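Tertiary structure, described
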Amino acid sequence: MEAAVTSHKSVEPAVPARAALPEQRAEAAGRSAAAGAPGAAARGASRGLWISSTYFAEGLPYAIAHKVAGEFFTAAGASLEIIGLVSLYGLPWNLKFLWSPLVDLHGSSRRWLVGAEIALAVILLGLAAAADSGALGLVAALFGLVAVAAATHDIAVDGFYLQALDKDAQAAFSGLRVGAYRLALLAGALLVAFAGWASFGASFGVAAIGLALLAGAHGVGLPRPAAAARPEAAIAPGAAAGLRRYAEPFRAFLRQPGIASSLAFILCYRAGDALMFAMSSPLLKSLGLDTAARGNVGGIGTVASIAGSTLGGVLIKRWGLARTIFPIALAQSLAILLYVALAWSRPALPWIVALVTLEQLVAGVGTAVLVVFLMRRCVDGYKSSHFAIGSALMSVSATFAGSVSGYLAARVGFTAFFAIAFAASIPGVVLSRWVPRD
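Because the structure is predicted, anything quoted here is derived from the model rather than measured. (Residues numbered from 1 in each chain as written. Predicted model: local features only at pLDDT ≥ 70, side-chain atom pairs only at ≥ 80, totals over all residues. Heavy atoms only, no water.)

1. A word on the confidence of the model for the protein chain
Per-residue confidence for the protein chain averages 80 on the pLDDT scale, and 82% of its residues sit at or above 70. Within the protein chain, helix H19 (residues 337–345) carries the highest mean pLDDT (95), whereas helix H1 (residues 5–11) carries the lowest (31). (pLDDT = per-residue confidence, 0-100. Helix = DSSP H or I, 4+ residues; strand = E, 2+ residues; numbered from the N terminus.)

In structure tokens form, the structure reads like this:
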């Protein structure tokens, strides 16, 4: 992933020297701090380790608040209505931009990262104690706390990644970060399996211990990058300083060149995929796959998506975002047609596995390009809050799709539904030709 730095630099637009000075100072500080390392390879390995561990720690609470929570209430015999409300645990991820400026303006992203992991470990210990007591209301509230703490942790992890790495390294490691995140989603599935063998209380206890260990390791081992300078508006004194400090990250985000097309692209890029994924499990069930078979196919697909995200990072690193954003967006859109083929032809199991795996591979590549695009929209000094704004907007389409997909699929049937999902992906492909690419 480190191999194509020069070719990537050759196609990326130059950054004006004045605007880049804070980032250059941060990079220089990071290089000075690493002077005692044995060499570039060792530094790369060290960066790969903390990137993997922080994004694994980011993905695990998400899996708990979504996949594990749904499985818990299903096992507890809750009604379908209650189980459906589990999707509301995604709201903190939709709304995290509202408190993201706090991470930029108070303390450091490193401190928020470690503090959120400690908080998550404590909440999960509470879940471990309450899970087997039958107190579903308390468990539901604790899942809500997990979601809020996890969304805050997301802000800190993404901000730390952007602060600790230069532009080339951000692109080079984008596949690794997505892969580590998706590996954590697999760990969430393993927690469910462990709960079936032991209990949900034991499963939450294991998760709490894991996050506590990660918090300790990150508290000791994470690098300490230099803080980027903030614009004058963010540090102006006076009675209205607090409000201005809070509002300035949003104003800085909206002042960027081409922001209208960027916002439209972020909202539309995964719209088709969001519709498709919402109904992928019901489709597989209709094709005759039972729960175990769907789990196995989903596991294979997740591994393929990890490989795809890694491949996407390599491609973007080698050829740059400007040359890869459109072809990758197009490939991601065309891959939805594989589900149209599944719904229409209803093939045998080997073909189902092959088509799902291929689609997930392409989806992983597509995720990598969106992550790099979001990173490019982060202004120095506000990287935590700006990435939170972008990723929150990205998740809006998934939340909306989850709420309407079932009604739509029931009305038109699976083949037409996935054709509609393909149509919903086209605006994102078109917009990829118009958005800023630096």
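We are not done yet, so read on.
2. A look at the nonpolar core
Counting residues in each nonpolar core, the largest one holds 40 residues, and the members touching the most others are Tyr161 and Phe265. Broken down by element, this core gets its largest block of residues, nine residues, from helix H20 (residues 349–376). Not counting chain neighbours up to four residues away, the residues in contact with Tyr161 comprise Trp50, Ile51, Tyr55, Ala169, Gln170, Phe173, Ser174, Arg177 and Met375. Leu60, Ala69, Ile123 and Ala195 belong to the second largest nonpolar core, which has 39 residues in total. (Core = buried A, V, L, I, M, F, W, Y, C linked by side-chain atoms within 4.5 Å. Buried < 20%, exposed > 50% of the residue type's maximum accessible area, 1.4 Å probe, protein only. Contact = heavy atoms within 4.5 Å.)

3. What to know about the pattern of salt bridges
Counted by the stated rule, this structure contains five salt bridges. In this structure, Glu248 and Arg251 form a salt bridge, with 3.6 Å as the shortest nitrogen-oxygen distance. In this pair, Glu248 and Arg251 are both assigned in helix H13 (residues 241–254), three residues apart and thus about one turn of the helix distant. Since its relative accessible area comes to 3%, Glu248 is described here as buried. Via salt bridges that share partners, Glu248, Arg251 and Arg255 belong to a single interconnected network. (Salt bridge = Lys/Arg side-chain N within 4 Å of Asp/Glu carboxyl O.)

4. Describing the packing of aromatic side chains
The tally for this structure, following the rule as stated, stands at 18 aromatic pairs. Between Tyr55 and Tyr161, the aromatic rings sit 5.7 Å apart at their centres with planes inclined by 90°, giving edge-to-face as the arrangement. With Tyr55 in helix H3 (residues 40–75) and Tyr161 in helix H8 (residues 136–164), this residue pair connects regions lying 106 residues apart in the sequence. This pair shows no difference in class: Tyr55 is buried, exactly as Tyr161 is. Between the aromatic rings of Phe414 and Phe418, the centroid separation amounts to 6.2 Å while the plane-to-plane angle is 25°, which identifies the pairing as stacked. Highlighted residues: Phe414 and Phe418, both in helix H22 (residues 414–431), separated by four residues, approximately one helical turn. On the accessibility criterion, Phe414 (23% relative accessible area) is partly exposed. The class of Phe418 is buried, set by a relative accessible area of 0%. (Phe/Tyr/Trp six-rings, centres within 6.5 Å; stacked < 30°, edge-to-face > 60°.)

5. Quick word on empty space enclosed by the protein
Enumeration according to the criterion identifies one cavity of 30 Å³ or more in this entry. Its boundaries defined by the atoms lining it, the largest cavity holds a volume of some 30 Å³. Every residue lining the largest cavity is listed: Tyr269, Ala329, Gln332, Ser333, Ser425, Gly428 and Val429. Where the lining of the largest cavity is concerned, the elements lending two or more residues are helix H18 (321–335) and H22. A breakdown of the residues in the lining of the largest cavity according to their chemical character gives three nonpolar, four polar and no charged. (1 Å grid on protein atoms, 1.4 Å probe; cavity = no way out; pocket = protein on both sides within 12 Å on 5 of 7 lines; lining within 4 Å. Points joined across faces, edges and corners; volume = space filled by probe spheres on them. Nonpolar A, V, L, I, M, F, W, Y, C, P; charged D, E, K, R; others polar.)

6. Some details on the packing of H18 against H20
Put simply, H18 and H20 touch, their axes get as near as 9 Å, and they point 140° apart. By the angle class used here, H18 and H20 are oblique. When the axes of H18 and H20 are compared, the crossing they make is left-handed. Residues Leu321, Thr324, Ile325, Ile328, Ala331, Gln332 and Ala335 of H18 pack against Glu359, Val362, Ala363, Val365, Gly366, Thr367, Val369, Val372, Phe373 and Arg376 of H20. (Axes fitted to C-alpha atoms, helices over the stretch in contact; angles between N-to-C directions. Parallel < 35°, antiparallel > 145°, perpendicular 65-115°, else oblique. Left-handed = near helix turned anticlockwise from the far one by under 90°.)

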